[in-house]
Amino acid sequence: MTAIVDRHDAVAVVTIDRQEALNALNVETLTELRDRLRELADDDSARVVVLTGAGDRAFVAGADIKYMSGLGAEEAKEWGALGHEAARLLEEMPKPTIAAINGFALGGGCELALGCDLRYASSKARLGQPEIDLGIVPGWGGTQRLARVCGLGIAKELILTGRPVEAEEALRVGLVNAVADPVLEHALEVAQKLAAKSPVALRVAKRLLNLSPGALEREADEFGDLFASEDAREGLTAFAEKRPPRFVGR
Ligand code: HXC
């Protein structure tokens, strides 16, 4: 099991545990995560959901790059859709969701955190959307949600440059709500407070706050199309071969 649920009274903590790859998500882990989130969305005894990563290095270091290096465009679209579903569950389930970001939250890791209603980071967390350096783009909602959370200017900078930010900068640009150590403890404290509020009012507040137009489907589609490019093949392969990519522009 790589997506584990623990109960703390009415708070459910989902821990992604694939530490040998800094909790990067492969099909098995992401499918398990999606399944646990589906169950928790329908479970009235879980009033708040906290998402975190196992170990002390990573929340989620992204989608599994080694897996992605073998994908064609159609498979990449399916892969995009699976992550979109997990992020959408976090965003739309009728109860608050909180990311406790205990280390690297890169690429798809940052995107899952962006699907959550609240984000707290440990002081050694590092967040970002480094996909551009792999010759691809964020594919699990980052192009839309990062702009909604931090504003278009910050989102453009972080996505176009791929530059990761440390916890303090993440706080300054509004990417996280607070920096706290130990971060899971802090997230649980907030979660317990939310669990004592009216679940009916929380559900409506969340639904209203989420009312904004988006282009998430378009993102999933264009992410997949990029996998037909030589640059995506090169960028993804170069990671596994531990060398800088040589992009050719097609
Ligand atoms: C696969 C990964 C991984 C990833 C880390 N690992 N991130 N494997 N996919 N995303 C693996 C490494 O290959 C290595 O295993 C082990 O985890 C430890 O990582 P190291 O690189 O040795 O650690 P360190 O030097 O401390 O560097 C940490 C790091 C670096 C800065 C986080 O691992 C890194 O840059 N990872 C990639 C981050 C990234 O680009 N994420 C975005 C992915 S794209 P081995 O066995 O090799 O030693 C994405 C798209 C989402 O998420 C949308 C999809 C539709």
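Brief notes about the site of the ligand
- Among the 27 residues in the neighbourhood of the ligand, the closest are listed as R57, A63, I65, K66 and G108.
- Contacts to the ligand include A63, whose backbone N or O atom sits 2.7 Å from an oxygen atom.
- Within the complex, the protein chains bury 73% of what would otherwise be the 1,000 Å² of accessible surface of the ligand.
- Because more than half of its atoms lie within 2 Å of the grid, the ligand is assigned to the largest pocket.
- The element that contributes the greatest number of residues to the shell around the ligand is helix 2 (residues 65–68), accounting for 3 residues.
- The residue inventory of the shell around the ligand, partitioned by class, reads 15 nonpolar, 5 polar and 7 charged.

Considerations on the packing of aromatic side chains
- The tally for this structure, following the rule as stated, stands at 3 aromatic pairs.
- Judged by centre distance (5.3 Å) and plane angle (70°), the rings of W79 and W140 are edge-to-face. With W79 in helix 3 (residues 73–92) and W140 in the loop between strand 8 (126–128) and helix 5 (142–150), this pair connects stretches of sequence that are 61 residues apart. Both residues of the pair, W79 and W140, belong to the buried class.
- With centroids separated by 5.0 Å and ring planes inclined at 55°, the aromatic side chains of F223 and F227 adopt a geometry described as tilted. With respect to class, F223 is no different from F227; both count as buried.
- Feature note: the residues Y67, W79 and W140 constitute an aromatic cluster, connected by ring pairs.

What counts, and at which threshold
Residues numbered from 1 in each chain as written. Predicted model: local features only at pLDDT ≥ 70, side-chain atom pairs only at ≥ 80, totals over all residues. Heavy atoms only, no water. Near = heavy atom within 4 Å. Polar contact = N/O pair within 3.5 Å; in protein donor to acceptor, adjacent residues only side chain to side chain. Areas by Shrake-Rupley, 256 points an atom, 1.4 Å probe, with all protein chains shown as cover. 1 Å grid on protein atoms, 1.4 Å probe; cavity = no way out; pocket = protein on both sides within 12 Å on 5 of 7 lines; lining within 4 Å. Sits in = over half its atoms within 2 Å of the grid points. Helix = DSSP H or I, 4+ residues; strand = E, 2+ residues; numbered from the N terminus. Nonpolar A, V, L, I, M, F, W, Y, C, P; charged D, E, K, R; others polar. Phe/Tyr/Trp six-rings, centres within 6.5 Å; stacked < 30°, edge-to-face > 60°. Buried < 20%, exposed > 50% of the residue type's maximum accessible area, 1.4 Å probe, protein only.

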